Amino acid sequence: MTRSPVPVPAPIGTAEREGRLAGLRSNMEAAGVATVLLGSTSSLRYFTGIDWYASERLVGALVHASGGLDYITPQFEVEKVGGLISLPGEILSWEEDESPWRLVADRIGAAGRLAVDERMALAMYRGLRTEIDDARLADAAPLIHPLRSRKSPAEIALMSHAKAITIEVHRRAHDQLHAGQRASEVVRFIDEQHRALGGSGNSFCIVSFGEDTSLPHGGEGDRALADGDVVLIDTGTRIDGYSSDITRTYVFGEATPGVRRVWEAEKRAQAAAFEAARPGVPCEAVDAAARRSLEADGFGPGYSLPGLPHRTGHGIGLDIHEGPYLVKGDATPLATGMCFSNEPMIVVPGRFGVRLEDHFHMTDTGPAWFTRPQHSLDEPFANAPVWSAG
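These figures come from a predicted structure and were not determined experimentally.

Cut-offs and rules
Residues numbered from 1 in each chain as written. Predicted model: local features only at pLDDT ≥ 70, side-chain atom pairs only at ≥ 80, totals over all residues. Heavy atoms only, no water. Phe/Tyr/Trp six-rings, centres within 6.5 Å; stacked < 30°, edge-to-face > 60°. Lys NZ or Arg CZ within 6 Å of the ring centre and 35° of its normal. Core = buried A, V, L, I, M, F, W, Y, C linked by side-chain atoms within 4.5 Å. Buried < 20%, exposed > 50% of the residue type's maximum accessible area, 1.4 Å probe, protein only. Helix = DSSP H or I, 4+ residues; strand = E, 2+ residues; numbered from the N terminus. Contact = heavy atoms within 4.5 Å. Disulfide = S-S within 2.5 Å. Pairing = 2+ DSSP bridges. Salt bridge = Lys/Arg side-chain N within 4 Å of Asp/Glu carboxyl O.

Draft legend 1. The arrangement of the packing of aromatic side chains in detail. Inspection of every chain in the model, using the stated rule, returns 7 aromatic pairs. Between W52 and Y53 the ring centres are 5.4 Å apart and the planes differ by 20 degrees, which places this aromatic pair in the stacked class. Taken together, the aromatic side chains of F274, F340, F360 and W369 make up a single cluster linked through ring pairs. The ring centre of Y46 lies 3.9 Å from the NZ or CZ of R20, which sits over that ring. Seen from the ring of F370, K163 lies directly overhead, with NZ or CZ sitting 4.9 Å from the centre.

So this is what it looks like as C-alpha cells:
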C-alpha cells in the first residue's frame, strides 16, 4: 500500500460556499443584476456544490440578489437533485412537455436583469430569448470570474493534493516504460495509478512518443515506444473537483545534443515566466517574459516555429483551463490566490517537442510552485517528493 505525503484535504464546505454566494450577490448589486442563472457547469458546483452533467435539459440554479436560491430540474430528477443539495433553496421543476425557460421567466418576474452563466450552451441561451427580452439578459462572467479566479486556502490545498498525486503517477509511468509499449497502454496505466492514489482517474491524458511530441496535443495514432524517442506525458486528475495538470518531457534512452539544447531552453523559459509573475503585474507580462527567453535562445519570434505556438499558461481550478490566461492581450493584474499553469512549450516541427508544465499560485509576495519543476532531462524526478509505504 501507499499513502500520500500529506493528509487528504477536507472538501469545500457549506460555509465557504455561502461566502461565495455572498460575494456573487455583492457583485450583482453593484452591476444592477437581479438574478444569475447557473447551468450544469463548474460554476454550479462552485456556488452550490452540485456536480451535474450538461445535457439538453436545464438543470441549474437561480441566485437572487435579494438573497434567495432556487434549484431548477426536470420533474423526474427532483429526488436525485434534492439529494445533492447542501444549501437551502426551493426546487422548481418542469415536466418534459413544459418549457424550463417559461419557468425561469415566471420566477424572476417582469422586472430586473438576468445574468446568464457563460458556460451554458448557446441552444439554452436561445431558449431563454424566447421568454425574456434581450435587453434584460446579461453575461454573468464579469460577476463570476473575479470570485473564481482567486482561490481560497481550501481550494489551493485540494489542488496541491491533486498535483502531488499526479507527480507520483508521472514517476511511476516513467519507471515502467519499455520498448514496444503503446501510448494507449501508458494512458491506461496512468488512469489506474491516479485511481490507486485517491484521484478521480485521468481527467485527461496525453502520451506522445517521438515525432508525435511535436504536436502540442499529441498525434492521432497509437505509436509504439522506441529507443531514443522523446517522451511527453501531460495528464491530471481531480480531488473534490479541483484539477491537476502536469507535463514531463524526457527521453527513452540517450538524448541527442539537439534535444538537450531545446530542453534546456524550455527550462529557462519556464523559469523566466515564473520570475516575471509578480503581484500587480499583468498576465500578459508573464507570457512576454517566456518569449523573450526563447527568442534569446534562437526560437520564435512570437508564435513562429521552431518556438512556442500557444500561450504560456492558463488558469486552473474546477476547470482545467479557466481564466485569466498568461497570454498577450490579457491585462488582468496578478493577485493573491490566482493559480496558473506555466508551460511555454517548444515545438520543432516534424521532429519533436518539449513541454515542461508545472503550476504556481500567487501569494502576497510572489508566485509559489505547487510542484517543483522537472529536475533534469536525465533524472526527471530526482527532486520530487517520494510517496512512502504505509
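Next, the rest of the story.
Draft legend 2. Region of the structure containing the nonpolar core. Core analysis: the biggest nonpolar cluster contains 77 residues, and L24 and V36 have the highest contact counts within it. The biggest single contributor to this core is helix α7 (residues 153–176), with 8 residues. Setting aside chain neighbours within four positions, we find V36 in contact with L24, M28, A61, L62, V63, L114, A115, A140 and L143. Counting 17 residues, the second largest nonpolar core, distinct from the first, contains L58, W94, V116 and M120.

Draft legend 3. Up close: the environment of G112. Along the chain, G112 turns up in the loop between α4 (100–108) and β6 (114–116). By relative accessible area, which is 34% here, G112 ends up partly exposed. Taking the C-alpha atoms as reference points, G112 and R136, 24 residues apart in sequence, are found 6.9 Å from one another. Sequence-distant contacts of G112, that is, excluding residues within four places in its chain, are made with A34 and R136.

Draft legend 4. Seen up close, the state of the cysteines. Under the defined criterion, the tally for this structure stands at 0 disulfides. C339 provides the cysteine sulfur closest to C283, a residue in no disulfide bond, and the two sulfurs are 12 Å apart.

Draft legend 5. Inspection of the pairing of strand β3 (residues 60–64) at higher detail. Burial analysis of β3 places 5 of its 5 residues in the buried class, the great majority of the element. Neither face of β3 is left uncovered, since the one carrying G60, L62 and H64 and the one carrying A61 and V63 both have all their residues buried. Summarising the sheet, strand β2 (residues 35–38) and β3 pair through 4 bridges and their orientation is antiparallel. Pairing of V36 across the sheet is with V63, part of β3. Looking at chain direction, β3 and strand β4 (residues 69–74) are connected through 4 bridges and run antiparallel. When the sheet's bridge partners are listed, V63 is paired in β4 with L69.

Draft legend 6. Just unusual backbone geometry, in detail. Omega for the bond connecting L305 with P306 falls within 30 degrees of zero, at 0 degrees, which places this linkage in the cis form. Looking at the element boundaries, P306 is found in the loop between α10 (283–296) and β13 (313–315). In this model, G323 is joined to P324 through a cis peptide bond whose omega is 0 degrees. For P324, the position within the fold is in strand β14 (residues 322–326). Positive phi, normally seen in glycine, also occurs at D240, with a value near 50 degrees.

Draft legend 7. Representation of the pattern of salt bridges within the structure. Going through the model one piece at a time under the given rule, you end up with 27 salt bridges. When the shortest N-O distance is used, the salt bridge between E16 and R20 registers 3.1 Å. One end of the pair is E16 and the other is R20, both in helix α1 (residues 14–31) and 4 residues apart, which spans about a single turn. Taking the relative accessible area as the measure of exposure, E16 reaches 23% and is therefore partly exposed. Judged by its relative accessible area of 5%, R20 falls in the buried class. As a salt-bridge pair, R102 and E131 come within 2.3 Å of each other at their nearest N and O atoms. You can see R102 sitting in helix α4 and its partner E131 sitting in the loop between α5 (122–129) and β7 (137–139), a full 29 residues away along the chain. Residue R102 is classed as partly exposed on the basis of its relative accessible area, which comes to 35%. Linked by salt bridges that have partners in common, R119, R148, K151, D319 and E322 make up one network.

By themselves, these are just geometric observations and shouldn't be taken as functional.
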